[in-house]
Amino acid sequence: GAVVSQHPSRVICKSGTSVKIECRSLDFQATTMFWYRQFPKKSLMLMATSNEGSKATYEQGVEKDKFLINHASLTLSTLTVTSAHPEDSSFYICSALTSDRDYGYTFGSGTRLTVV
Amino acid sequence: KQEVTQIPAALSVPEGENLVLNCSFTDSAIYNLQWFRQDPGKGLTSLLLIQSSQREQTSGRLNASLDKSSGRSTLYIAASQPGDSATYLCAVGSGNTPLVFGKGTRLSVIA
């Protein structure tokens, strides 16, 4: 089945530094990827929609200058958390549309970010 | 705006019991509905995908039904096992737009 590989799975960084999270579609082309954030025991909150070759579309309240999204190829989308602060600590998950035929989605394994 | 509600929020059952998780959505103009499983600290694993033209999908001990007109879906788990303990998320899709998720049902199956 379609697989999205997300790295790193866990990262600890110091306040003020930047962290890059990668999501790769391994056996299919993902023209669109979605980035979510999840707080403990809460559901997923959509942050942005990433389209290959164009600017990402951010949800209301999400700072585009803090959460930089790049989707330079059909198999890779990256989320960079810039100048990270403790309040950015969270679980970040990417998702890709698997098929234009059935519009099923597959998700990455998530990245646990801790900012100290 | 689409809203997805899952009931119950949490459920604890003894091993071997059959159980039903409920999902409802406000806008019936959906393309499909997808059930996911999430283990603590992990990503989402797709369990079942039901297209709007379908009534149900089955995979092993799991059966998901969809009543699009009434805005409801159920996930039936037969003969539950401790390994089924996880959070189950229901999400509705409208094509290539982002999924809309419910808040999930946290299931604990007690041995």
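Described below are features of the structure shown in this document. Given the structure is predicted, the values throughout are model-derived calculations rather than measurements.

1. Here we look at the overall build of chain B
- Scanning chain B for helices and strands turns up 0 helices and 11 strands.
- Counted from the first residue to the last, chain B has its helices and strands arranged as β-β-β-β-β-β-β-β-β-β-β.
- Its C-alpha radius of gyration of 13 Å places chain B within 12% of the 13 Å reference for a compact globule of 111 residues.
- Expressed as lengths along the three principal axes of its C-alpha atoms, the size of chain B is roughly 40 × 30 × 20 Å.
- For chain B, with 111 residues in total, the buried portion stands at 43%.

2. Section: the nonpolar core
- Among the nonpolar cores identified, the biggest contains 25 residues, and Trp35, Tyr58, Phe67, Ile69, Leu79, Tyr92 and Leu113 of chain A are the most heavily contacted of them.
- Among the secondary structure elements, those contributing two or more residues to this core are strand S2 (10-13), strand S3 (19-25), strand S4 (32-38), strand S5 (44-51), strand S7 (67-73), strand S8 (76-81), strand S9 (90-97) and strand S11 (111-115) of chain A.
- Ignoring anything within four residues of it in the chain, the contact list for Leu79 of chain A reads Val19, Lys20, Ile21, Trp35, Phe67, Leu68, Ile69 and Tyr92 of chain A.
- Residues Val13, Cys23, Trp35 and Leu62 of chain B belong to the second largest nonpolar core, which totals 22 residues.

3. Thoughts on the pairing of S2 of chain A
Residue and element names in this part refer to chain A.
- Burial of the side chains of S2 is restricted to one face: Val11 and Cys13 are buried, whereas none of Arg10 and Ile12 on the reverse face is.
- Pairing between S2 and S11: 4 bridges, direction parallel. Looking at S11, one finds that Ile12 is bridged to Thr114.

4. Overview of the pairing of strand S9 (residues 86-93) of chain B
Residue and element names in this part refer to chain B.
- S9 sits mainly inside the fold: 8 of its 8 residues count as buried.
- Pairing analysis gives 7 bridges linking strand S4 (residues 32-38) to S9, with the strands arranged antiparallel. When the sheet's bridge partners are listed, Trp35 is paired in S9 with Cys90.
- Pairing geometry for S9 and strand S10 (residues 100-101), over 2 bridges, is antiparallel. Bridging from a neighbouring strand, Ala91 pairs with Phe101 of S10.
- Between the end of S9 and the start of S10, which pair antiparallel, lie 6 residues, with Gly95 showing a positive phi angle near 100°.

5. As for the sheet that holds S3 of chain A
Residues and elements named next belong to chain A.
- Ordered in space as S1-S3-S8-S7, the 4 strands form an open sheet in which the pairing is antiparallel. Strands at the two margins of the open sheet, each flanked by one partner only, are strand S1 (4-7) and S7. Within the sheet, the average angular offset between the axes of one strand and its neighbour, ignoring direction, is 15°.
- Here S7 pairs with S8 via 5 bridges, running antiparallel. Bridge pairing links Leu68 to Thr80 in S8.

6. What about the pattern of salt bridges?
- Inspection of every chain in the model, using the stated rule, returns 4 salt bridges over all chains.
- Residues Arg24 of chain A and Glu22 of chain A are paired through a salt bridge, measuring 3.6 Å at the closest nitrogen-oxygen approach.
- Judged by relative accessible area, which is 37%, Arg24 of chain A ranks as partly exposed.
- Residue Asp84 of chain B is joined to Arg61 of chain B by a salt bridge in which the shortest nitrogen-to-oxygen separation is 2.8 Å. With Asp84 of chain B in the loop between strand S8 (72-77) and S9 and Arg61 of chain B in the loop between strand S6 (56-59) and strand S7 (62-67), this residue pair connects regions lying 23 residues apart in the sequence.

Calculation rules
In this convention, every chain numbers its residues from 1, walking through the sequence in written order. Here every chain gets a letter starting at A, and every ligand a number starting at 1, in the order they are written. Local features in this predicted model are restricted to residues whose pLDDT is 70 or higher, and side-chain atom pairs enter the listing and the counts only when it is 80 or higher, whereas totals over whole chains, interfaces and linings include all residues. Hydrogens and waters are ignored; side-chain quantities use all the structure's heavy atoms. Segments assigned H or I by DSSP are reported as helices when at least four residues long, segments assigned E as strands when at least two residues long, and all are numbered from the N terminus. Radius of gyration means the value over C-alpha atoms here, while the globule rule gives 2.2 Å times the residue count to the 0.38 power. For each residue, the accessible area found with a 1.4 Å probe, counting protein chains only, is set against the maximum for its type, and the residue is called buried under 20%, exposed over 50%, and partly exposed in between. Only buried residues count toward a nonpolar core, which is a set of Ala, Val, Leu, Ile, Met, Phe, Trp, Tyr and Cys residues joined through side-chain atoms within 4.5 Å. By the convention used here, residues are in contact when the closest approach between their heavy atoms is within 4.5 Å. Between any two strands, at least two bridges found by DSSP are needed for them to pair. Lines are fitted to the C-alpha atoms to define the axes, a helix being fitted only along its stretch in contact, and any angle between axes, read from their N-to-C directions, falls within 0 to 180 degrees. Salt bridges, as used here, are contacts in which a Lys or Arg side-chain nitrogen is within 4 Å of a carboxyl oxygen on Asp or Glu.

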